[in-house]
Structure formats: structure tokens, C-alpha cells
Amino acid sequence: MPGPSAADVIARRLHEAGCRHAFGIPGGEVLTLIDALDRAGIAFVLTKHENSAGFMAEGVYQRTGAPGVLVATIGPGAANAVNVVANAEQDRVPLIVLTGCVDDDEALTYTHQVFDHGAVFGPITKASFRVPHAGADVLIDKAVSIALEQRPGPVHIDLPIAVAKSEQPDRPGPRRVAPSPTQPAEGADLERARSWLAEAERPLMIAGLDVLTQGCPEAVAGFAEDFGVPLITTYKAKGVLPEDHALALGGAGLSPTADGTLLPLVERADLVLLAGYDPIEMRTGWRDPWDPADKRVVEFTAAADSHYMHQAGLCFVGDVGAGLASLRDGIAARPTWPDGEPAAAKQALAAAFNPNEAWGPAAVVQTVRAVLPRNAVATVDSGAHRILLSQVWETYEPRGLLQSSGLCTMGCALPLAMGAKLAEPERPVVAFTGDAGLEMVLGELATLRDLGLPVVVVVFADSSLALIELKQRDRALPNLGVDYAETDFPAVAQALGGRGVAVEDREALAAAVSDALAADRFTLIACRIPRKSYDGRL
Ligand SMILES: Cc1ncc(C[n+]2csc(CCOP(=O)(O)OP(=O)(O)O)c2C)c(N)n1
């Protein structure tokens, strides 16, 4: 009885790691692999672009916790995946990137489509491997471990054609053991942190992505509630505390208007707790937001602070939830913020981002939120619409709003939504996107058709790269390369097998979303808004 092939071993171990979908476009160099994936119980989903494939894989990861799987063939396939792999690195996504390649002896004389995949992916992954003739089982287990361990990220595996077919020993697995949570050591630092908490009258907490990747939102939310600590989150950590909670101050990082309210609150705080706050999401407004010499700051983080975006007087590296549990041990809660500044800040944010406009981008977000149930998952693309949406869209659970906030790439919202819907078909899923971002990935509407997923796609149709046009005007530069003609999106949607409608008022939008939720296919809703709709709004 011959042993399994290397491709089979890789596929089986990925299945054992919880993977049920792989995304990509095949070429001759990955045919053995996708066959093995399919036989192992990992469905291969054909997409129109490898970049979108990676985002669909991320969408599945965000809703299941299993690593995402992207398959790309040699050369152009691998090259097409660069953006989403860089995104996975910056947005801490455990993505297994499987590429096909020619065997070493072949590469001595054969040059067609051949470049050094490892050299391209090396700087934007946590590790890049080439599968040797033996040990595929060890290699794939290592890859999964590296992808998942803190902070998570992409791992690349180059699989040569002949190696994919080579026979491997049939050994049991996996050998992976997830590390146990690390508690801060008892000692002077922890005692000082506890005394700061006991003395704090105006404590404030900032939570970020490590809270999600470590799976400790409840610890953060419980701490905030028990100690009366208002919570600011990064965009990715929105929903750690339901955003209609009095202590939830929404997302921060990209909006100067929100910063104008939130940074003064940080300034006022006499204790800042950083819970898994990874500043990769933050713009320059959050660089050195306090002087650690005169601000009490206690940080619980997955990785030591070598970024120098901020500094903390006390920094505990390890498990954020366990760190908060140690901090609160023996400390009694006391009334906080006697002057009510957090409540005033929450009101100011609501007033700034929720104007009573009859129609416009905020009206679009408010209307869709009102129609969708609380458990809906939303995704949002990059651009002016995202900054506004991330302030207006109330998120009620962790990973309820998905986006690219480390790399901030366009073209992510539609495929992220497709992956999320594939992972959890019962949940309503809406993708919000700018028109330029949608046009980058229009072909994936055909993938959506083939998958039969009733995703709702809401496009902010202003025929403008609004965010860039705004920056151009701010710098008094001439209008250049930011405007384009209007696309008939409903017609495109219909041609690609979906439903399509254009709307220009709240009532029509609400009706369109209700219809979309009941439909058996995807619906594209083009919300026509005037150019320059975001002026003074971000
Ligand atoms: C792949 C990629 N290319 C370019 C950019 C720079 N960029 C950021 S926002 C933006 C405009 C996006 O336009 P649109 O999708 O219409 O959204 P809007 O800003 O109008 O809301 C651009 C070009 C980017 N973030 N990602």
C-alpha cells in the first residue's frame, strides 16, 4: 500500500486544522494539490483573481477561526497574490499561501514563468518554505503553527510539481500544541499597575486587534463594565463591547474628526489601559499620544513594543485576558469619571457623524443598519466611505465589521463578504464599497453568482476616488486622476447573474435592502451620491 503524496499530507493536515475551503485559480503546477485538497474535504473555490481569493479565505477565517487557504499557480498566479499576502501580514491574518513551482532540477535550465517566489513573499510573510522531498507533514504543521501563533500572519509554501506527487510516510498528526495563556508574573510591576488601577478616577481603555486574535473580548468587555472604564477600539476591534453600550466610544484610528473628540479624552484620563492595542491600524494622530513620563499607561500586548508608535510605563507581554484578570485581582471598583466626560464624548461623536441629512453617505449607512438585524456581518472597502462608515456603523459583536485597516487596500470588501457568507450562510452579510473599489473586483460578482450566495453589495456611487480627491483639494493641487464616468451598476449586476438597483433616497434604499435579504441571489444596490459628499465629514 503506497503512502500518501506530499499534496495529500498537506491537504489532510489543513483539514485537521479546521480548513474547509481553499480559494484561487489553478494552473498546471497546482493540479495535484487542488485534487488532494478536494479529496481531503477542502472545497476548492474558483475565483477571478488571486487577490480576491485571499480575501475570501480571510472572510472564512474571520468567521471560523481556522487559517485561510489561498492557492496560486507559478509566476503570474503568485504575483497576483502579493497584495493580499501583504494585507494578511499587516492585518494579522493566518493565511496559508500555497504556490506551485517547478522542481529544482528543472529550474536549472527552464525559465518560463519562473521567478523566486520565496524572495517575493519572504518580506511580507512570517515564513516562506519550499517543500523538500521528505517531511511535508512536519512542514505543514509548522506552517499552521507559525500562521496562528501571536501575532498571526501569512505563511508561504512553495510546492514543486514532482514533490507534490512524491510519496510520504503516513504518520499520525498533528503534533501542534497551542500554548497556554501567559499570566503576568507577580511582582513590583504588577503591584504598581494594581495601585494605579485602585487610584484611578478617570481610567480609559483602548482595545485592538490582539483581543480578537487571542479570543478575549469577554475579558475586555467585562473589565470595562465592572470598573466603569470607557472603551475606545481600533476599527478592527469594533464590537468588543456592543457599540450601543454607554461605555463604548466607537472606533478610532483614521478619522481626524473622531480624534478631535477622543484624543482630548485620552489627555484627560489619569490611567490608560492598552488591551491588545496593535497600533498598525492607526494614523499619525495616534503617534506618541501621551508622554509616558507623566501619564500612567499599562499595556497588555501580544508582542513587545518595538514599533515606537506609543510608549507605556508598564508593559506586560502575553495573554491580554489573563493580564487583565491579574490586574483586577484584589482591586475593588470605584465610581469613575465624576464629570461625565465619556458620555459627552459619545454624544459629540454621534452628533459629528450622524447628521440629520435627508440623503448622503451617512444616510446610506444609517438606513442599511436600521434594516439589517443585529447579527449581520458587514464588510467595508478602503476610501472616504470607510472612514465615515467606521464611525457611523454600530457593531454589536467582535468581527462584526471586517475591513483592511492595516494595509488599507481597496478591493477587499466584496471578497471578504463572500468568504464570511460561505462560512456562515445563515447570517446576513453586507459589503459596503466605493465605486472604484468595486470596479477593481467586479469579476467576483460572477464568482458570487456561481456560489449562489445572497450577499448584499452596497456601493457608494459618486464617480470619484473621493478620499484622494479630497486630499488633492486640501493640498490645492489640480483635479487629476480622480474622476471617472458613471457605471450602470444595476445592469452589470444583472449581466453577471445577480439583482441590481440604483437608489437615491432612504425609502428606496430600505426597500432594496429588505428585498435583498429575501432574495436567493446577490443584490447590488448602487447608492447614487453627489461628488464631494464627504467634505467636512471625516
Ligand atoms: C489597491 C489600492 N490602490 C490605491 C489605494 C489608495 N486609495 C485609498 S482610498 C482610494 C479611493 C477609493 O475610491 P472609492 O473606492 O470610490 O471610494 P471613496 O473614496 O470614493 O469612498 C484610493 C485610490 C488603496 N488604498 N488601495
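Everything discussed here concerns the structure shown above.
So, a few notes on the structure that sits alongside this text. (Residues numbered from 1 in each chain as written. Predicted model: local features only at pLDDT ≥ 70, side-chain atom pairs only at ≥ 80, totals over all residues. Heavy atoms only, no water.)

### Some points on a negative patch on the surface
Argument step 1. Where like charges cluster on the molecular surface, the negative patch consists of Glu267, Asp288, Asp291 and Asp294.
Argument step 2. Relative to the helices and strands, Asp288 resides in the loop between strand E10 (271-275) and strand E11 (297-301). (Patch = residues over 30% accessible without salt bridge, like charges linked within 9 Å, V, L, I, M, F, W, Y side chains within 5 Å. Areas by Shrake-Rupley, 256 points an atom, 1.4 Å probe, with all protein chains shown as cover. Salt bridge = Lys/Arg side-chain N within 4 Å of Asp/Glu carboxyl O. Lys, Arg positive; Asp, Glu negative; His and termini not counted. Charge placed at Lys NZ, Arg CZ, Asp CG, Glu CD. Helix = DSSP H or I, 4+ residues; strand = E, 2+ residues; numbered from the N terminus.)

### Considerations on the site of the ligand
Argument step 1. For the ligand, the set of nearby residues contains 19 residues, the closest of which are Ala384, His385, Cys408, Asp435 and Gly437.
Argument step 2. At a separation of 2.9 Å, a nitrogen atom of the ligand approaches a polar backbone atom of Cys408.
Argument step 3. Within the backbone of Gly437, one N or O atom sits 2.9 Å away from an oxygen atom of the ligand.
Argument step 4. Protein coverage of the free-state accessible area of the ligand, which is 590 Å², stands at 78%.
Argument step 5. Looking at side-chain class alone, the shell around the ligand contains 10 nonpolar, 7 polar and 2 charged residues. (Near = heavy atom within 4 Å. Polar contact = N/O pair within 3.5 Å; in protein donor to acceptor, adjacent residues only side chain to side chain. Nonpolar A, V, L, I, M, F, W, Y, C, P; charged D, E, K, R; others polar.)

### Quick look at the packing of helix H16 (residues 361-371) against helix H17 (residues 384-392)
Argument step 1. Packing of H16 against H17 brings their axes to within 10 Å, and their N-to-C directions diverge by 45°. It follows that H16 is oblique to H17 by the angle criterion. Seen from above, H16 lies across H17 with right-handed handedness. Taken together, the residues of H17 that come into contact with H16 (itself represented by Pro361, Ala362, Val365 and Gln366) are Leu388, Leu389 and Val392.
Argument step 2. Residues that form the contact of H16 with H17 fall into these classes: 6 nonpolar, 1 polar and no charged. (Axes fitted to C-alpha atoms, helices over the stretch in contact; angles between N-to-C directions. Parallel < 35°, antiparallel > 145°, perpendicular 65-115°, else oblique. Left-handed = near helix turned anticlockwise from the far one by under 90°. Contact = heavy atoms within 4.5 Å.)

### Re helix H18 (residues 413-423)
Argument step 1. Of all 11 residues making up H18, 10 are buried, and the element is well covered by its neighbours.
Argument step 2. For H18, the complete set of buried residues consists of Ala413, Leu414, Pro415, Leu416, Ala417, Met418, Gly419, Ala420, Lys421 and Leu422. (Buried < 20%, exposed > 50% of the residue type's maximum accessible area, 1.4 Å probe, protein only.)

### Observations regarding the pairing of strand E12 (residues 314-317)
Argument step 1. Side chains of E12 alternate between two faces, with Leu314 and Phe316 buried and Cys315 and Val317 left unburied.
Argument step 2. Examined bridge by bridge, E11 and E12 share 4 bridges and lie parallel to one another. Counted as the bridge partner of Glu299 is Cys315 from E12. (Pairing = 2+ DSSP bridges.)

### Some remarks on unusual backbone geometry
Argument step 1. Residue Gln150 is joined to Arg151 through a cis peptide bond whose omega torsion reads -25°.
Argument step 2. Assignment of secondary structure puts Arg151 in the loop between helix H8 (136-148) and strand E6 (155-160).
Argument step 3. Despite not being glycine, Arg92 has its phi angle at roughly 60°, a positive value.
Argument step 4. Looking at the secondary structure, you find Arg92 in the loop between helix H5 (82-90) and strand E4 (95-101).
Argument step 5. A positive phi angle, near 50°, is found at Ser463, a position not held by glycine.
Argument step 6. With respect to the helices and strands, Ser463 occurs in the loop between strand E16 (456-461) and helix H21 (466-474).

### Quick word on the pairing of strand E15 (residues 429-434)
Argument step 1. Counting buried residues along E15, 6 of its 6 residues qualify, which places the element largely inside the surrounding structure.
Argument step 2. Neither face of E15 is open: one carries Val429, Ala431 and Thr433, the other Val430, Phe432 and Gly434, and all of them are buried.
Argument step 3. In the sheet, strand E13 (residues 377-380) pairs with E15 via 4 bridges, with the strands oriented parallel. If you follow Val377 over to E15, its bridge partner there is Val429.
Argument step 4. In this structure, E15 lies alongside E16, joined through 5 bridges in parallel fashion.

### So, the sheet that holds strand E2 (residues 43-46)
Argument step 1. What the 6 strands build is an open sheet, ordered E2-E1-E3-E4-E6-E5; its pairing is parallel. On the outer flanks of this sheet lie E2 and strand E5 (127-130), each paired with one strand and no other. Put simply, the sheet's adjacent strands are angled 20° from each other on average, direction ignored.
Argument step 2. Across 6 bridges, E4 lies against E6 in parallel orientation. Considered in E6, the bridge of Val97 is made with His156.

### Observations concerning the pattern of salt bridges
Argument step 1. Taken as a whole, this structure holds 35 salt bridges when the rule is applied.
Argument step 2. Ionic pairing is found between Arg12 and Asp170, a salt bridge with its closest N-O pair at 3.8 Å. You can see Arg12 sitting in helix H1 (residues 6-16) and its partner Asp170 sitting in the loop between helix H9 (161-165) and helix H10 (188-199), a full 158 residues away along the chain.
Argument step 3. Given the relative accessible area of 39%, Arg12 is considered partly exposed.
Argument step 4. The exposure class assigned to Asp170 is exposed, which follows from its relative accessible area of 59%.

### Quick look at the nonpolar core
Argument step 1. Of all hydrophobic cores here, the largest spans 60 residues; its most connected members are Val368, Trp393, Val430, Phe432, Leu509 and Tyr534.
Argument step 2. Val368 has contacts with Trp393, Val430, Phe432, Val458, Leu509 and Val513, leaving out every residue within four places of it along the chain.
Argument step 3. Counting 44 residues, the second-largest nonpolar core is a separate cluster that includes Ala53, Ala86, Leu445 and Ala526. (Core = buried A, V, L, I, M, F, W, Y, C linked by side-chain atoms within 4.5 Å.)

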